[in-house]
Amino acid sequence: MIGYKGSRWMVLLVATVGVAACGGDAAESTAEAVAQTPAAAEAANPCAETAEAANPCAAMQELPEGVTAAMVEEGKGLFGGAGICMSCHAPDGSGVPNLGADLTDDEWTHSDGGYEGIVATVMNGVTADASSSGIPMPPKGGTSITDDQVRAVSAYVWTLSK
Ligand code: HEC
C-alpha cells in the first residue's frame, strides 16, 4: 500500500472503507491507514465505534411488528423481576417440570407461538383445564404488571425460542 500515491490512493481508500464496513480485521487495519487523513478518519469512525460494540455486524434478529429492542430488554427485566415469570418458567425460561412450560423451545401449546399469541396467553393466563401440567397460570402471571409490560415481557419471551 505504501507504493500507492495521489488519486489512486484515494480510490483504493474509498473502496477499502466501503468493503471494510463489516470486515473485522480489515476494518481495523483500514481504520489505522485512514487515520492519516482527517476527513477519511472521520468517515471511518462510525465503523471503529461499532467494532467495539458486541457483535456489531452480526445479522440483527428481525423483531415482530410493534416490537423494539428496548421492549425486549425491558421484558428481560420483568421476566425475572416484577412479572415473576421465572418462578414458574425458570430464570432462563426453560421451564419447570409439572409447572410452567418451556418457553425456549419451538413447541407452543396455548398459541401459535407468534408474538400476538404469546401476548394473549400472558394477558389471559392458562386455565387448569387447558394446562398440560394441570396447574393454571394466572393472568399476567398473577402480578399487577401493566398491559405495556405484558407486551414487553412477551417480546422477550418471543426472542427466547428464536
Ligand atoms: C404460577 C406459575 C406461573 C407464572 C408466575 C407464570 N406462568 Fe406462564 N405458564 C404457567 C403454566 C402452568 C403454563 C401452562 C403450562 C402447560 O400447559 O404445560 C404457562 C404457560 C405459559 C405460556 C404458554 C406456553 C405455550 O406453550 O403456549 C407462556 C407464553 C407463558 N406461560 C408466559 C409467562 C410469562 C411471560 C410470565 C410472567 C409474566 C408467566 N408465564 C408467569 C405458569 C406460570
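As the structure is a computational prediction, the values presented were derived from the model and not from experiment.

## Quick notes on the overall build of the protein
Inference 1: Helix and strand content of the protein: seven helices and zero strands.
Inference 2: Ordered by position in the sequence, the α and β elements of the protein form the string α-α-α-α-α-α-α.
Inference 3: In the protein, which comprises 162 residues, the proportion classed as buried is 30%.
Inference 4: Across the protein, contacts joining residues at least 24 apart in sequence account for 53% of those joining residues at least 6 apart.
Inference 5: Taken as a whole, the protein presents about 10,000 Å² of accessible surface, with 58% of it coming from carbon and sulfur.

## What to know about the site of the ligand
Inference 1: Taken together, 28 residues surround the ligand, and among them Cys 85, Cys 88, His 89, Ser 132 and Met 137 come closest.
Inference 2: Contact between the ligand and His 89: a nitrogen atom at 2.8 Å from a side-chain N or O atom of the residue.
Inference 3: Here an oxygen atom of the ligand sits 2.3 Å away from a polar atom, N or O, in the side chain of Ser 132.
Inference 4: Broken down by secondary-structure element, the contributors of at least two residues to the shell around the ligand are α5 (86–89), α6 (115–124) and α7 (147–160).
Inference 5: Residues of the shell around the ligand, tallied by class, amount to 15 nonpolar, 12 polar and one charged.

## Regarding the environment of Ile 135
Inference 1: With respect to the helices and strands, the residue Ile 135 is situated in the loop between α6 and α7.
Inference 2: Taking the relative accessible area as the measure of exposure, Ile 135 reaches 35% and is therefore partly exposed.
Inference 3: It is 6.4 Å that separates the C-alpha atoms of Ile 135 and Leu 99, two residues lying 36 residues apart in sequence.
Inference 4: Beyond its immediate chain neighbours, meaning those up to four positions away, Ile 135 contacts Asn 98, Leu 99 and Ala 128.

## Considerations on the confidence of the model for the protein
Inference 1: Averaged over all residues, the pLDDT of the protein is 78; the fraction at 70 or higher stands at 62%.
Inference 2: A low-confidence stretch, residues 6–24 stays under pLDDT 50, and its non-local contacts, those more than four residues away or across chains, total 19 contacts.
Inference 3: In the predicted structure, residues 37–42 sits below a pLDDT of 50 and forms five contacts with residues beyond four places in sequence or in another chain.

## A short note on the packing of helix α4 (residues 69–80) against α7
Inference 1: Packing of α4 against α7 leaves a shortest axis separation of 7 Å and a crossing angle of 95 degrees. With respect to α7, the element α4 is oriented roughly perpendicular. On α7, the residues that touch Met 71, Val 72, Glu 74, Gly 75, Lys 76, Leu 78 and Phe 79 of α4 are Gln 149, Arg 151, Ala 152, Val 153, Ala 155, Tyr 156, Val 157 and Thr 159.
Inference 2: A breakdown of the residues in the contact of α4 with α7 according to their chemical character gives nine nonpolar, three polar and three charged.

Reading the values: rules and limits
Residues numbered from 1 in each chain as written. Predicted model: local features only at pLDDT ≥ 70, side-chain atom pairs only at ≥ 80, totals over all residues. Heavy atoms only, no water. Helix = DSSP H or I, 4+ residues; strand = E, 2+ residues; numbered from the N terminus. Buried < 20%, exposed > 50% of the residue type's maximum accessible area, 1.4 Å probe, protein only. Contact = heavy atoms within 4.5 Å. Areas by Shrake-Rupley, 256 points an atom, 1.4 Å probe, with all protein chains shown as cover. Near = heavy atom within 4 Å. Polar contact = N/O pair within 3.5 Å; in protein donor to acceptor, adjacent residues only side chain to side chain. Nonpolar A, V, L, I, M, F, W, Y, C, P; charged D, E, K, R; others polar. pLDDT = per-residue confidence, 0-100. Axes fitted to C-alpha atoms, helices over the stretch in contact; angles between N-to-C directions. Parallel < 35°, antiparallel > 145°, perpendicular 65-115°, else oblique.

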